[in-house]
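Close look at the chain arrangement
Listed below, chain by chain, are the residues.
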Number of protein chains: 2
Amino acid sequence: MVSINAGPQPDPTARNTEVPTSELAASGEQRSTSKRPGGRSARVQEQVLTATLALLTEREIDTISVADIAARANVAETTVYRRWGSRTGVVSEAVMKMTAANNPPPRTGSLAEDLMTLAKQVAMLIGRPEVRRLLRAVYALSGDPEIDEARTAFYAARFAIARDIVEQAQQRNEIGTDIDSDDVIESLVAPMYFRVLVSGREVTEEFVERCVRDTLLLFAGK
Amino acid sequence: MVSINAGPQPDPTARNTEVPTSELAASGEQRSTSKRPGGRSARVQEQVLTATLALLTEREIDTISVADIAARANVAETTVYRRWGSRTGVVSEAVMKMTAANNPPPRTGSLAEDLMTLAKQVAMLIGRPEVRRLLRAVYALSGDPEIDEARTAFYAARFAIARDIVEQAQQRNEIGTDIDSDDVIESLVAPMYFRVLVSGREVTEEFVERCVRDTLLLFAGK
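Figured I'd write up the structure that's included with this text. (Residues numbered from 1 in each chain as written. Chains lettered and ligands numbered in written order. Predicted model: local features only at pLDDT ≥ 70, side-chain atom pairs only at ≥ 80, totals over all residues. Heavy atoms only, no water.)

**Re the overall build of chain A**
Threshold: Helix and strand definitions follow DSSP, with helices as H or I runs of at least four residues and strands as E runs of at least two, each counted in order from the N terminus. The rule is simple: take the accessible area with a 1.4 Å probe, protein chains only, and divide by the maximum for that residue type; under 20% is buried, over 50% is exposed, in between is partly exposed. Throughout, a residue-residue contact means that at least one pair of heavy atoms, one from each residue, lies within 4.5 Å.
Along chain A, the regular secondary structure elements total 11 helices and zero strands. Written out in order from the N terminus, the α and β elements of chain A read α-α-α-α-α-α-α-α-α-α-α. Taken across its 222 residues, chain A has 50% of its residues classed as buried. Summarising the internal contacts of chain A: among those between residues at least 6 apart in sequence, 65% fall at separations of at least 24.

**Considerations on empty space enclosed by the protein**
As a reminder, the rule being used: Here a cavity denotes a set of grid points, spaced 1 Å apart and computed over the protein atoms alone, in which a 1.4 Å probe fits but from which it cannot get out, and a pocket denotes an open set meeting protein on both sides within 12 Å along at least five of seven lines; residues with an atom within 4 Å of a point are reported as lining. Grid points are joined across faces, edges and corners, and a volume is the space filled by probe spheres set on the points.
This structure, assessed with the given rule, holds four cavities of 30 Å³ or more. Of the residues forming the lining of the largest cavity, the biggest block, six residues, is contributed by helix 11 (residues 205-220) of chain B.

**A word on the pattern of salt bridges**
Rules: Any Lys or Arg side-chain nitrogen located within 4 Å of an Asp or Glu carboxyl oxygen qualifies as a salt bridge.
Considering all chains together, one arrives at 28 salt bridges over all chains under this definition. Notably, a salt bridge pairs A:Arg107 with A:Asp164, separated by 2.8 Å at the nearest N-O pair. Of this pair, A:Arg107 sits in the loop between helix 6 (87-102) and helix 7 (111-127) while A:Asp164 sits in helix 9 (residues 145-171), and the two are 57 residues apart along the sequence. For B:Arg195, the salt bridge identified is with A:Glu186, shortest N-O distance 2.7 Å. Taken as a pair, B:Arg195 in helix 10 (residues 181-199) and A:Glu186 in helix 10 (residues 181-199) lie in two separate chains rather than in one. The network of salt bridges with shared partners includes A:Asp180, A:Asp183, A:Glu186, B:Arg195, B:Arg201, B:Arg210 and B:Asp214.

**Some thoughts on unusual backbone geometry**
Residues and elements named next belong to chain A. Even without being a glycine, Asn 74 presents a positive backbone phi close to 60 degrees. Turning to its location among the elements, Asn 74 is positioned in the loop between helix 4 (66-73) and helix 5 (77-84). Under the relative-accessibility criterion, Asn 74 is labelled exposed at 61%.

**Let's talk about the packing of helix 11 (residues 205-220) of chain A against helix 11 of chain B**
Note the cut-off: Under this scheme, a helix contributes an axis fitted over its contacting stretch, all axes are lines through C-alpha atoms, and angles between N-to-C directions fall in the 0 to 180 degree range. Angle categories: roughly parallel below 35 degrees, roughly antiparallel above 145, roughly perpendicular from 65 to 115, and oblique for all the rest. Just so you know the grouping, Ala, Val, Leu, Ile, Met, Phe, Trp, Tyr, Cys and Pro go in nonpolar, Asp, Glu, Lys and Arg go in charged, and all remaining residues, Gly too, go in polar.
Their axes nearest at 11 Å, the elements helix 11 of chain A and helix 11 of chain B cross at an angle of 110 degrees. The orientation of helix 11 of chain A relative to helix 11 of chain B falls into the category roughly perpendicular. Contacts between helix 11 of chain A and helix 11 of chain B involve A:Arg210, A:Asp214, A:Leu217, A:Leu218 and A:Phe219 on the former and, on the latter, B:Arg210, B:Asp214, B:Leu217, B:Leu218 and B:Phe219. When the residues that make up the contact of helix 11 of chain A with helix 11 of chain B are grouped by side-chain class, the tally is six nonpolar, no polar and four charged.

**Some words on the packing of aromatic side chains**
Rule in force here: Only rings of Phe, Tyr and Trp enter the pairing, Trp through its six-membered ring, and a pair is recorded when the two centres are within 6.5 Å. The plane angle decides the type: under 30 degrees is stacked, over 60 is edge-to-face, the rest tilted. Comment: the charge-over-ring label is applied if NZ (Lys) or CZ (Arg) is within 6 Å of the ring centre and within 35 degrees of the ring normal.
As enumerated under the stated definition, the model contains two aromatic pairs over all chains in all. Relative to B:Phe194, the ring of A:Tyr193 has its centre 5.2 Å away and its plane inclined at 65 degrees; by these criteria the two rings are edge-to-face. On the criterion of chain membership, the pair formed by A:Tyr193 in helix 10 and B:Phe194 in helix 10 is interchain, its members lying in two chains. Residues A:Tyr193 and B:Phe194 agree in their burial class; the two are buried. Stacked on the ring of A:Phe207, the Lys or Arg A:Arg195 has its end atom at 3.5 Å from the ring centre.

In structure tokens form, the structure reads like this:
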């Protein structure tokens, strides 16, 4: 649940980044003022994602329109639609960007510690009001192929982090090589998601620690 | 996740049930044709809940209005609003009623078998399109105090079933008396909910069996 960049993310330090024609066309309203299309495109993207996160901390996603996001970011609505396709698209990327920035993938050298770090990151993440809003919005819109695809890509990226943790543990002989890393992360985080999304029980620090202990017992036999 | 009747449920066999004045007023459109208010009230309720389930199997909840439900059930809209308060209210009760009818609480005399029965019921339940639609709708509307209260009551009722299973197992000395039954059911069902609501991985029979085995290992040490 950490450190995901889904989709292409322009590198703000890359000055010679090529920008697709469609991208230039999409940002026509600022085109004439820009000397470096790559830098401008990255800057516009940053403005839009920052504006989206700011709006998400203020109110429910259903009350936020692409027009609101564009106004807050000081860009044209068409820029948002052409780059992200929909409100959900931009909201998803904004949350993933925030997640990536705040949650470096754990590399402690110990499976138990890596899982604890990951579990705490997930607990913090899904406890944030704007992330809960995103989750709810995504579930509400589920059934829409575009949304379902975005959701699948999002979790695929998250599971990739866990795969890395498990593979390292396998190389250290901490966990069997027959273990499926998706099963490990599922065991670790499912109870936390269940509390946040379904039962409403509180995700306490003690509970997070129990999730880690249970996962270790089930998959590493310790 | 089985056999729940949340809220008062008129007993169709009770011929002398008193009907509150407000209920009579609410169903004014059928009042003059009814000789037995209790029977009529139960019949109207049955019509509305059946109509709601039928609509839920046909289309997304967002496209279903109270007017649609009332029309399909052949009752006045006011009847629905006065008895259930909102679309979500009637949809929740319809799904709970369906759940209760199809899922008798397991009483096999064995914790392992009770948990397996319960797990299979939950897997079947959350695999149903109309239940997924309800879950999505409830999460989308989360934050509304009335919806959150309904959700909390719904899961409290479901956890009560699990409490019964665990208490019986404790009386048979199959599981420690210090075990919290809410923790047991959470461990059992959280991975299934995670697959359905979050990751999109398939809930296979083998997976359901693993959920039961893991829960037994964690809580009954076997």
